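So you can see what is in the structure, the chains are spelled out below.
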Amino acid sequence: MTTATGSPADAAAPFSGVDAAALLLALPDPTVWVSAGGEFALNAAARERLGAVEGLAQNWASLFTPDAAERLLDAISRALKGEASRLSVTMPGAVAPALATVTPAGPGAALLHFRESHDPLEVALDIMDRMGLGMTVQDADTRILHANASAAAILGLSPDQLTGRDSLDPRWRAIHPDGKAFPGETHPSIVALQTGQALLDVPMGVYHPAAGQWRWLTVTAIPRRAPGMDRPEQVTTVFADVTVQRQTREELSRSEQRFRSLVEATAQIVFTTDAQGAFHASQADWEAFTGQGPEQYLNPQTAVEAIHPEDREQALRAWAEMLEIGQAHDLEHRLRRADGVYMAMQIRAVPLRNTDGSVREWIGTYTDISAMRGAEAALKALNAELEGRVAVRTQELAEVTRFSTLLLTAAGEGVFGLDASGRTTFANPAAARLLGYSVERLIGSQQHDLIHHSRPDGTPYPVGECPIHQTLRDGQTRRLDHDVLWHAQGHAVPVASVVTPLLSAAGMVTGAVLMVQDIAERLRAQSQLQEAITDLERSNTDLEQFAYVASHDLQEPLRTLGSYAELLGRRYEGQLDDRADRYLGFMQDAVGRMRGLIQDLLEFSRVGRGESVPTPLNLDDAMRAAAHSVGAALGEGDEEGGASLNWETPHTVLVHAPLIVPLLTNLIGNGLKFTAPGQPARVRVGSRQDGEMVHVTVQDNGIGIALEYQERVFDIFQRLHRREDYAGNGMGLAICRKIVEHHGGTLWLQSTPLPAPDHGTTFHFTLPVAPQVPEPQPSDPQLPQTPDPHHA
């Protein structure tokens with residue numbers, strides 16, 4: 001500060017009376033007070049800049065170069081004489097010279113003031129740091145030459161990482177506010193260098209690698225030209241971190257949008273009033289609902305006319321009470337709609353307050369509750385109906401519960417309920433009776449420890465291996481055909497059991513239901529069955545012995561009798577009377593029938609006794625062998641109109657091959673034997689696959705079988721005709737059925753007897769299909785080969 005004359009005295013006038021020590025300490029620049037006697041004092045800035053110097057006079061001057069110290073001492077001498085002076089000196093450790101001002105400081109004293117010059121860039125960087133702004137200086141190639149500490153902090157990079165990086169560096173990750181990429185060539189620094197124009201407050205998002213998030217900046221780029229240059233040689237970029245401000249603005253915007261959407265979407269009347277409760281601005285919702293214009297509702301006297309006359313006084317009184325207490329309040333009254341209909345409305349108003357707590361205005365809503373009132377009435381009626389239904393349902397549930405209890409109580413199987421830990425929560429009386437415990441003793445006990453602790457042989461049964469506890473762990477249903485529970489008296493109880501998991505709505509196992517059945521009787525029955533099987537096997541052994549005897553011992557005297565009968569017949573034929581010849585013939589016929597009967601019995605007993613493994617057999621091969629066997633019967637009809645046999649059997653069956661040819665031969669032979677008078681025999685054999693079985697049919701046009709005899713013919717020694725009419729022993733069909741059943745199939749017949757026009761018999765039987773059809777073998781030692789073209 002200076003006076004109009006600019007003299008030192010005038011300049012010092014305002015500081016008269018000011019304590020010199022206080023003034024010295026307050027100066028921000030290095031200042032030294034020196035007395036004529038050599039005493040001196042340094043202010044804080046001087047101590048920081050020059051160091052704390054104590055001792056002899058002129059010691060402070062030794063910190064300067066000899067030339068600077070000499071000029072400073074000369075200036076002090078002049079100041080002691082009342083003459084001020086200025087000179088340029090270099091401070092210790094500085095590069096740029098400082099301006100030293102030496103002025104008189106009263107009688108016998110001088111004051112040295114040092115004003116250091118600073119690099120403008122350093123000053124600017126320091127100022128930006130203090131303001132929290134990032135600042136970089138880039139050359140014409142946009143390489144960063146200088147960056148302040150705030151720039152490094154905002155960008156998440158160290159000064160070393162920033163220095164030398166240019167704006168086109170691919171490591172920058174920058175985006176526009178809409179999320180689109182911010183190409184490097186559009187960076188404000190590059191644009192400012194290219195156009196020479198400053199770019200102000202450009203928004204930009206930059207990824208902060210250390211924080212792992214995006215930072216939002218406003219960037220200003222100012223180009224710097226060198227004197228006489230057209231193009232900028234440097235650009236100074238200043239940017240501020242506005243992430244918090246942006247987030248705040250976005251949240252405010254979202255809040256405002258939500259509020260506006262809520263107001264627009266609501267079916268309510270939204271209104272505002274002044275602190276005294278009067279409308280003071282346009283109320284669009286009120287106008288639309290009541291039909292009142294601003295000239296009506298802005299006047300409190302006419303606005304209340306929209307309230308039902310019967311509710312008006314009470315509504316005004318409640319509104320006045322709300323204004324008096326200054327708190328949110330609810331009230332109800334009827335409000336007139338624009339069409340003149342009064343609607344039940346609920347009013348809710350809340351105060352908006354000033355910073356001092358006083359009410360600034362009120363904001364509220366009118367909600368149409370007429371539908372709600374109607375709904376309440378309907379709900380009451382519905383509740384009454386539901387209560388009646390619940391009462392009925394409760395009664396039904398009680399009946400179901402009683403039935404379930406009765407069912408569980410009367411059930412013959414034992415039923416246990418278990419929780420997730422294996423503790424018994426339920427046991428029916430059958431379970432208690434089965435194990436000799438009371439229901440009370442079973443409930444609450446660890447089921448495994450009490451009744452399932454040991455295996456059938458008495459060895460311990462670990463819980464981890466128990467299938468019931470495995471179900472409690474994995475939620476899988478398990479069935480045990482044979483298990484052992486332990487009776488209260490210590491003996492084992494054989495049971496079959498099923499354990500079913502109980503699952504919560506989330507699929508977690510909450511327990512299980514165990515059902516057990518006493519299988520002691522079943523085990524006894526199985527034991528008896530095994531004994532019966534053993535007896536049957538022993539009986540079969542006896543039958544085998546009988547078959548051996550029948551095939552050897554019984555046939556030996558029969559052969560002797562037959563031989564002598566034949567010798568008598570040949571030797572004495574014609575020498576005796578006719579009666580003797582007939583008797584010899586009867587004897588020979590009886591021997592033949594006896595021999596055939598024994599052979600049939602032997603064949604019947606052998607069926608199913610073979611130990612061979614079933615093999616695939618082509619039915620065509622079997623049919624050719626059967627045709628060969630009945631060739632004699634077919635040969636009798638060689639002349640035109642004689643017997644015929646046709647077949648279509650392309651399937652392969654899994655059977656004991658030696659048994660199938662006799663089966664087919666017997667059935668085909670029946671068709672050729674039991675022919676209708678005057679008609680040639682016609683036999684047709686066919687096959688078709690039916691699932692895992694092959695269905696074979698043998699159809700003839702014979703005399704047929706009456707319905708009452710269609711099952712009897714399969715019994716042994718059952719004949720329907722005299723031997724004189726049709727030969728045979730009555731064993732053929734019994735052997736056929738035994739062969740089919742031995743292979744797991746079924747044999748039955750369908751027949752229509754004479755004199756029906758469609759008379760004849762069809763035999764049906766099934767055999768297992770072979771898994772694959774093998775190629776027919778050129779020769780089979782078990783089947784005779786004939787060059788047969790599928791018919792004979």
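Residues numbered from 1 in each chain as written. Predicted model: local features only at pLDDT ≥ 70, side-chain atom pairs only at ≥ 80, totals over all residues. Heavy atoms only, no water.

Caption draft 1: Up close: the overall build of the protein. The helix and strand inventory of the protein stands at 25 helices and 27 strands. Considering the protein as a whole, with its 792 residues, one finds that 36% of them fall into the buried category. At a minimum sequence separation of 6, the contacts of the protein that also span at least 24 residues come to 50%. With the model as given, the accessible surface of the protein reaches about 46000 Å², and the carbon-plus-sulfur share is 55%. (Helix = DSSP H or I, 4+ residues; strand = E, 2+ residues; numbered from the N terminus. Buried < 20%, exposed > 50% of the residue type's maximum accessible area, 1.4 Å probe, protein only. Contact = heavy atoms within 4.5 Å. Areas by Shrake-Rupley, 256 points an atom, 1.4 Å probe, with all protein chains shown as cover.)

Caption draft 2: Representation of the sheet that holds strand β26 (residues 747-752) in the model. With mixed pairing, the 5 strands of this open sheet are ordered in space as β22-β24-β25-β27-β26. The open sheet terminates on both sides in strands that have one partner only, identified here as β22 (644-648) and β26. Each strand of the sheet is rotated relative to its neighbour by a mean of 15 degrees, with strand direction disregarded. Summarising the sheet, β22 and strand β24 (residues 682-690) pair through 5 bridges and their orientation is parallel. Its bridge partner lying in β24, L645 is registered against V683. Contacting β22, β24 and β25 (693-700), helix α22 (residues 619-629) crosses the sheet at an angle of about 170 degrees to β22. Sitting on the sheet, helix α24 (residues 657-673) is in contact with β22, β24, β25 and β27 (760-768), with an inclination near 170 degrees to β27. (Pairing = 2+ DSSP bridges. Axes fitted to C-alpha atoms, helices over the stretch in contact; angles between N-to-C directions.)

Caption draft 3: Layout of the pattern of salt bridges. Counted according to the given criterion, the structure contains 21 salt bridges. Notably, a salt bridge pairs D169 with R171, separated by 2.9 Å at the nearest N-O pair. According to the relative accessible area criterion, D169 is buried, its value standing at 14%. On the basis of relative accessible area, R171 is assigned to the exposed category, the value being 56%. Residues participating in the shared-partner salt-bridge network are D74, R78 and E83. (Salt bridge = Lys/Arg side-chain N within 4 Å of Asp/Glu carboxyl O.)

Caption draft 4: Structural context of the sheet that holds strand β17 (residues 424-427). Spatial strand order, β17-β16-β20-β19-β18: 5 strands in an open sheet with antiparallel pairing. Only two strands of the sheet have a single neighbouring strand rather than two, namely β17 and β18 (478-486). Averaged over all neighbouring strand pairs, the angle between strand axes comes to 30 degrees, with direction disregarded. Where strand β16 (residues 414-419) lies against β17, 3 bridges are found, and the strand directions are antiparallel. Counterpart to F416 in the pairing with β17 is A427.

Caption draft 5: Quick peek at the environment of V242. Mapped onto the elements of the fold, V242 is located in the loop between β11 (234-241) and α9 (243-265). Distance in space between the C-alpha atoms of V242 and W216 is 5.5 Å, their sequence separation being 26 residues. Setting aside anything within four residues of it in sequence, one finds V242 in contact with W216, L217 and T218.

Interpretation in functional terms is not warranted from these geometric data alone.
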